[in-house]
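As a plain string of letters, each chain reads:
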Amino acid sequence: MMTTAEKLTALRRAMAQRGLAAYLVLTDDFHASEYVGDYFKAREYLSGFTGSAGTLLILPSRALLWTDGRYFLQAGQQLAGSTIELMREGQPGVPSVADFLAEHLPRGGTLGFDGRTVSAAFARGLEKALAPREIRFAADRDLVGEIWADRPALSAEPVWELDAALAGLTREEKLALLRRDMAAQDADTLLLTALDEIAWTLNLRGGDVACTPVFLSFLLIGREDAQLCIQPQAVPAEIAEKLAACGVTLRPYGDVYDMLRGLPAGTRIMADSATANYRIMESLSQAEVLDQPSPAILMKACKTREEVENFRAAHVKDGAALCRFL
């Protein structure tokens, strides 16, 4: 089993081979979920720090980890002897990740990261901060994955169906509502990347993210059909048939980037950079992007009568459970 020092050495070797001045490892999965599965715990694998929030930066001769006040004591203990410096966010004299990079990266250098685990908004902030130093990004390689020999498998828990009687709307009705919004803006395609929005749209639930009944996926909705990028083994045959019946075809989870790059030039696509990862937005370079909040956000915020009644019923059960516990 490799030590933290050995892992950092292996990563620095990969960085040197690719001419990277630094490599950034965040805590997110491909959808900026609050909790991440074991497959995505690259920062924890490299550093040994197990907190739920933190950003690790590896330079040729230094490594630093930023985390917030919840974890100062824990991080100090878990990083002891690792050669990784603890950066206590919000404390006097502690620069942000962007400010540190702007000061320490060589002019014209290249910053590497896995663009699937970095939000488009965060990456754009870095671009702005690093523009004066002409820093380039290399966001197409998961260097941690290349040295992580025993990496856990990507979660593919079985998807299950939420009865339309409980939701108040069928998936066909929800797709029609979204397409009405697309038509109003003359959009050819709507891209959903937020897992809760996809689960809401399709009346499906899953178990890929702790404490949240969602499933790893991307959903591309066209004017007449839709494509769900998901791990095929996660979709039971009966559900796959129901999806096909309403024009939703299944594609492999990782195909979404090539699919977006393959859209005809000038395709008008609605996408929300507030929830999409950096590689998603970069894959849309040939399309005409309508970058705005997803229409699913407000639609799913407007609860049906059935959803309201289910909230009340759930609250009764929750209250009874709490009383028993007390």
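To be clear, the structure that these remarks concern was listed above.
What comes next concerns the included structure. (Residues numbered from 1 in each chain as written. Predicted model: local features only at pLDDT ≥ 70, side-chain atom pairs only at ≥ 80, totals over all residues. Heavy atoms only, no water.)

Moving on, we come to the overall build of the chain. When helices and strands are counted, the chain shows 14 helices and 14 strands. The globule rule puts the C-alpha radius of gyration for 326 residues at 20 Å, and the 22 Å found for the chain is close to it. The dimensions of the chain, computed from C-alpha atoms along their principal axes, are 60 × 60 × 35 Å. Burial statistics for the chain: of 326 residues in total, 48% are counted as buried. Of all intrachain contacts in the chain linking residues separated by at least 6 positions in sequence, the fraction that spans at least 24 positions is 65%. Counting only carbon and sulfur atoms, one obtains 54% of the accessible surface of the chain, whose full area is about 15700 Å². (Helix = DSSP H or I, 4+ residues; strand = E, 2+ residues; numbered from the N terminus. Rg over C-alpha atoms; globule rule 2.2 N^0.38 Å. Buried < 20%, exposed > 50% of the residue type's maximum accessible area, 1.4 Å probe, protein only. Contact = heavy atoms within 4.5 Å. Areas by Shrake-Rupley, 256 points an atom, 1.4 Å probe, with all protein chains shown as cover.)

Its location among the elements puts Arg133 in the loop between helix H5 (120-130) and strand E6 (136-138). The exposure class of Arg133 is partly exposed, given its relative accessible area of 23%. Between the C-alpha atoms of Arg133 and Arg116, which are 17 residues apart in sequence, the distance is 24 Å. Not counting residues up to four positions away in its chain, the partners in contact with Arg133 are Ala102, Leu105, Pro106, Arg107 and Gly108. A polar contact is formed between the side chain of Arg133 and the backbone oxygen of Leu105, at a distance of 2.8 Å. (Polar contact = N/O pair within 3.5 Å; in protein donor to acceptor, adjacent residues only side chain to side chain.)

Moving on, we get to the pairing of strand E11 (residues 226-230). With four of five residues buried, E11 lies mostly within the body of the structure. Inspection of the sheet shows strand E10 (residues 217-222) paired to E11 by five bridges, in the antiparallel sense. In the strand pairing of E11, Leu220 is matched with Gln227. Connecting the antiparallel pair E10 and E11 is a turn made up of three residues. Relative to strand E12 (residues 248-251), E11 is paired through four bridges, and the arrangement is parallel. Counterpart to Leu228 in the pairing with E12 is Leu250. Crossover E11 to E12 through helix H10 (residues 237-245) is right-handed. (Pairing = 2+ DSSP bridges. Right-handed = clockwise from strand over helix to strand, strands pointing away.)

Bringing the sheet that holds E10 into the picture now. Reading across the sheet, the six strands line up as E12-E11-E10-E8-E13-E14 and stay open at both edges, with mixed pairing between neighbours. The sheet is open, and its two borders are formed by E12 and strand E14 (288-291), each paired with just one other strand. Strand-to-strand twist across the sheet, computed as the mean angle between neighbouring axes with direction ignored, equals 20°. Note: strand E13 (residues 268-271) against E14, four bridges, orientation parallel. Bridge pairing in E14 links Ala271 to Asp291. Helix-sheet contacts for helix H9 (residues 195-202) involve strand E8 (189-192), E10, E11 and E12, and the interaxial angle to E10 is about 55°. (Axes fitted to C-alpha atoms, helices over the stretch in contact; angles between N-to-C directions.)

Position of Met2 relative to the elements: it lies in the segment before helix H1 (4-17). When its relative accessible area of 32% is taken as the criterion, Met2 is described as partly exposed. Along the primary structure Met2 and Trp148 are separated by 146 residues, whereas in three dimensions their C-alpha atoms are 9.6 Å apart. Aside from chain neighbours lying at most four places away, what touches Met2 is Lys7, Ala10, Tyr45 and Ile147.

The full count for this structure, using the stated rule, is zero disulfides. Cysteine Cys246 shares no disulfide, and the gap to the nearest cysteine sulfur, in Cys229, comes to 15 Å. (Disulfide = S-S within 2.5 Å.)

We now examine the nonpolar core. Ranked by size, the top nonpolar core spans 54 residues in total, and within it Ile221, Leu228, Leu260, Ile280 and Leu284 carry the most contacts. The element contributing the most residues to this core is H9, with five residues. With near-sequence residues (within four places) excluded, Leu228 lies in contact with Ile198, Leu202, Phe215, Ser217, Phe218, Leu219, Leu243, Val248, Thr249, Leu250 and Arg251. Ala10, Ala14, Ile58 and Leu143 belong to the second largest nonpolar core, which has 25 residues in total. (Core = buried A, V, L, I, M, F, W, Y, C linked by side-chain atoms within 4.5 Å.)

Along the chain, the position of Glu307 falls in helix H14 (residues 305-325). There is no salt bridge for the buried Glu307, and the closest opposite charge comes from Lys303, which lies 4.9 Å off by N-O distance. A distance of 2.8 Å separates a polar side-chain atom of Glu307 from the backbone nitrogen of Thr304. Sequence-distant contacts of Glu307, that is, excluding residues within four places in its chain, are made with Leu166, Ala167, Trp200 and Cys302. (Lys, Arg positive; Asp, Glu negative; His and termini not counted. Salt bridge = Lys/Arg side-chain N within 4 Å of Asp/Glu carboxyl O.)

Worth remembering: the numbers are spatial, not functional.
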